[in-house]
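# Understanding the architecture of this molecule
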Amino acid sequence: MTSHTLHGGRRAMAGTDFGHAIGLPRALSGLPLSPLVGAYGELLAAQQTIGLSHLGELLVPPGGRLRVLDGIFAVTGPGRRRHVGAGVLRSLRQDRPEPAAARLLERLAAIQEADPAALRRILLYQLAHLLQDHPEGELPATAAGFGVDPSETVALVRAAARRARLDGEQRVAAENLLDDVREHRIRSAARRAALLPSAGEDRPLAALLEDLAARVKAADTELAVARQAEEQGDPERACVHYEEAAALAGDCPRAVRGLVRTYRPGPGDPGPMVSALVPEGVELRWPVGDFGDARWRVVRLTRGEPAGSPLAEVAGRPVGGVLVDRGAGLGEEVRHVALPLRADGAVDGPPLIAAPLAVAPVVTEVGAVDGNGWIEGAWTAPAGAARCEVTLIGPQGPVPVLPPARAGLRETLRAQGLAPGRYELAVRARYAPAGRADRGALSAAVAVAVTVHAWPDPVLTLTALTREAGGVEFRRTGGDGAEVRLVEWPGAAPAERAELTAAELPPPLDWVGPDLTGTGSTGPTGSGPGGSGPVSVGHPPPGSLTTVSAVAVLGTRALAGPSVLVEAPLPVTGLALRRAAPDLVEVGFDWPGTAGTVTAAVTQDGRCTDFAVARSVFLREGLRLPVTPAALSVEAHAAPRSARSVLASAGGDARAELPADVAIAYEVVPGARRGLRRGPAVLRVTVRAPGGAPRPDLPGFVLVARGDGSRNPPRPGGPSGGTAVCRVTGAELTAAAAGTGTGTGTVERPIDTAVAPGRPYALRGFLLGGAAASVRLEEPPLLSLVVR
C-alpha cells in the first residue's frame, strides 16, 4: 500500500469514525473531557480578551481552515497545509502585532513545547463545547462555521455528540483539576473529580484520576494513624503523621487542624507567626529567620466551622515577611497557618502557626466628659458591629449602665448618679456573623479615664420681699457649703441646675448686700414669707427691671439656680389736683421715665380706689377721675412692668390733697317795683359746703361793674377790671352757712348803683383771698349780668 493510499484511507476513517488508529503518537481515541493544562483559566481569559471563540482562530490566516484530528494543521488551499508547531506559533506573532495576541501565541508555543499533544487537546475540548452548546451542533456545517476543514467536520460532530455533556459546575471542575493536582490540593481535586462523568476513552484523564485516588488513599491512611496516635496520648507521633498527610494533600483540613493541635516548636525552630488587625484586614508577620525563597501556602481556620470544611487559602505571597489577609470574615475568630512548600508545591516541613485572633475592629474616637454626678461617653462603632458593650468601673467597683444610644455609627452613653472620683469607661464592639450570632466575636476594649468632680449643692429657692426705703430682701434655700452669687444674665437666664463654669458667670450685682454673696453657712438667717435661710438686702437702681438669678459656685464649677424679677419704678413728681366739677377732679403730674402705666389711688370717704392710666392716654387726654364733693387725697406711683415683679418702693410717693367741694354761687336779683320804677338790684351770694360744716377760711366776694358806653359792654376781666359795686366778706359767708346747720347759707347785699358806670354796663363776681383757688365759683347766665 502506497503512502497515498494509506493517507486516503486515514481520511476515510476520519470521516466516518474519529480516533481509530489515526493521528500522531499519543493521539486520542475520543474527545477530551478536560483540557488538562495548567492555568487554563488564565489562558481562557486571554483568549476572550482578543475576542476568540476558540484558540484555533489564532492559528490560521484569514480564509484558512483548521485540521485537528490528525495533529494541528492550517489548510490554506488545495493540497496546501502547514503543521502548527512551536516554531510556527512564534512566527505567527508577526501576523498578529497586537500585544495581547502576541503574548497568547508565545504561551501556546510554550505549551506545545512542553507537551506536543496539549494544544490539540485544548482545541478539541473547546470545539466539543462549542458544538454541544450550539442548537445545530450535530450538523457538519456548524463545525465548518467554526473554521474546521470540511474533511473533518463529519467526524468531529459525531465525536462531540458521543462525548458526555458537562454542565457549568462540571466544566469548572474539569478546567481546574490539573491545577489542584499540581499544587497538591488533593482534597479539592478529589471534590472536582467526583463531579466529572467517567473518563471513558479519555485515557490521560483516567490516568490522572487513578493517580489522584491513590494519593487520597495514602493521605487518609496517614490521617488514620495520626488520629490513633493522638487518641493514645502521643501528640509528637501524631504530628509526624499529620505532617505526612499534609505533604500528600496540602489542602486537607483535618491534617492542618491536626498540626495545629499537636505541633510544638522545638529548640531551633522558628517562632510563631504574628497576626494583627489592620484597616485592610489581618496582617501576618513571619518570624525573623532565613527562609530563603521558600514558598508558602497560608490557610485561615475559623472557629466553629466543621472540621472537614475546605481550607480557606490566603491569596498572595509575603513581601518582606508580611502578608495581609483581606478575606477574613468580620466577627469571626480565626487562626492562620503557613505551610512551607517544596518546588513541586508539596508541604515540606513544620508549619508556622499564629495565635487565635478575633476579627473584631475596635471602636474609634472614644471620649468622655463629666458633669454634676454624671459621665457621658461617645465613640464611633466600626461598620459591621452588631452592638457595643460598655463597662464602667468607679472607685467602688463596677457601675451598672444602660445600653448606649446609637445614631448611625456614632454611639453615646450617659451614666448618672455618680459620686465624685476617678472612673474608667471601656467600650468593646460585638460582632454577630451571619448565621452564627451565638459565636459573635468581641473586640478588644478601648478605655478612657474620666474624673467626676465635686459640684456645689444647687440653690433650691430664691424669694424677694419689699422692704422700706426702696430696699428688697432676698432669701434662699439650698447652696449649702457653696459660694452663692446673685447675678443678672446678659440674655435669657439658663435653666435651673444648668451646669456652668465659674469663668462664664457675669459679675455679682453691685447693689446687693454682702450677706447672701458669702458662703451658704455664714449669712444671717430668719423666717417669714420667703422661708428661712441666708438673707441679704439690695437697693436696685431707680427705674430698673432686673432678673436676679442665684448661682452656686464651688471652685471652677457652678450650678444655675432660680430667679426673681425685681423692679424699682421711678417716683411720680409734680402731682397737682384741680376740681373741674363737684364730681370730677383733674390730676396732673410729670410722667415717670419709661413707665408704661401709672396708678392713681384716690382716698375719699374712707374708701380707696385705684385708677390706672397708660402713658399714651395720659399724654393725649390727661387724667380725670370721678369723685364726690367730699374732701379727697390722691397718691400716684408707677405700676410694675411685669405682673411677676417684686417692687422696690421708690420712696416719697407723690401725694396731694383736695378739700371738699365748696361752691359759692351768686346772682343779681332785680329790685322790687315801686309804681312804675324798680328799687335797687340786690346781690344774692349763696354758699354750699358738703357735710354741713363750711370751711373757716372762705374767701370774700366782690361784684365788679364795667361799661364803656357801647351797646354791648365788655365783661370785667378781674377784681380790678372795673368798679366794685358790692362786697361780701368771707366771715359773712361762713356765718351764713354755719347758721343754717346744713352748710348752705345766703347773704344778700344791695348793689351800689351810685358808683356804677353809665348804662349799659356788665357785672361779674370774683372771689378774693388765699383760699379762692380751692373754692368753686358758680356764675349765673351772662345776660342776667348786663344792666341796661
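Please read all numbers here as calculations on a predicted model, not as lab measurements.

Further remarks concern the sheet that holds strand β4 (residues 274-278). Read across the sheet, three strands follow the order β4-β5-β8 without closing on themselves; strand pairing throughout is antiparallel. Each of the sheet's edge strands pairs with one partner strand only, and the pair in question is β4 and β8 (322-325). Neighbour-to-neighbour, the strand axes of this sheet turn through a mean angle of 25°, independent of strand direction. Inspection of the sheet shows strand β5 (residues 281-285) paired to β8 by four bridges, in the antiparallel sense. The residue of β8 that forms the bridge with E283 is V324.

Before going further, it helps to spend a moment on unusual backbone geometry. The omega torsion of the bond from R759 to P760 falls at -5°, within 30 degrees of zero and hence cis. Topologically, P760 is positioned in the loop between β42 (744-750) and β43 (761-768). Notably, R497 is not glycine yet its phi reads approximately 70°, a positive angle. Considering the arrangement of structural elements, one finds R497 in the loop between β22 (483-487) and β23 (499-501). For R497, a relative accessible area of 51% puts it in the exposed group. With a phi close to 55°, D605 is a non-glycine residue in the positive phi region. Mapped onto the elements, D605 comes out in the loop between β30 (597-604) and β31 (607-614).

Here we take up the confidence of the model for the protein. Looking at the protein, the pLDDT average stands at 88 and 92% of residues meet or exceed 70. Between residues 1-28, whose pLDDT stays under 50, and residues either more than four places distant or in other chains, the model counts 38 contacts.

This model, assessed by the stated rule, comprises 42 salt bridges. A salt bridge links E201 to R162; the nearest nitrogen and oxygen atoms lie 3.4 Å apart. In this pair, E201 sits in the loop between α9 (186-195) and α10 (203-231) while R162 sits in helix α7 (residues 150-162), placing the two residues 39 residues apart along the sequence. Linked through salt bridges whose partners overlap, the residues forming this network are R579, D661, R688, R776 and E778.

Further remarks concern the packing of aromatic side chains. Within the structure shown, the criterion is met by seven aromatic pairs. Aromatic pair W591 and F618: ring centres 5.5 Å apart, planes at 40°, arrangement tilted. Remark: F618 occurs in helix α13 (residues 615-621) and W591 occurs in the loop between β29 (584-590) and β30; sequence separation between them is 27 residues. The class of W591 is buried, set by a relative accessible area of 15%. Among the residues examined, F618 registers a relative accessible area of 10% and is labelled buried. Arranged with centres 4.9 Å apart and planes meeting at 50°, the rings of Y666 and F701 form a pair that is tilted. In this pair, Y666 sits in strand β36 (residues 662-669) while F701 sits in strand β40 (residues 700-706), placing the two residues 35 residues apart along the sequence. One exposure class covers both Y666 and F701, and it is buried. Following the ring pairs from residue to residue traces out a cluster consisting of F589, W591 and F618. Positioned over the ring face of F73 is R81, at 4.3 Å from the centre of the ring.

Parameters at a glance
- Residues numbered from 1 in each chain as written.
- Predicted model: local features only at pLDDT ≥ 70, side-chain atom pairs only at ≥ 80, totals over all residues.
- Heavy atoms only, no water.
- Pairing = 2+ DSSP bridges.
- Helix = DSSP H or I, 4+ residues; strand = E, 2+ residues; numbered from the N terminus.
- Axes fitted to C-alpha atoms, helices over the stretch in contact; angles between N-to-C directions.
- Buried < 20%, exposed > 50% of the residue type's maximum accessible area, 1.4 Å probe, protein only.
- pLDDT = per-residue confidence, 0-100.
- Contact = heavy atoms within 4.5 Å.
- Salt bridge = Lys/Arg side-chain N within 4 Å of Asp/Glu carboxyl O.
- Phe/Tyr/Trp six-rings, centres within 6.5 Å; stacked < 30°, edge-to-face > 60°.
- Lys NZ or Arg CZ within 6 Å of the ring centre and 35° of its normal.

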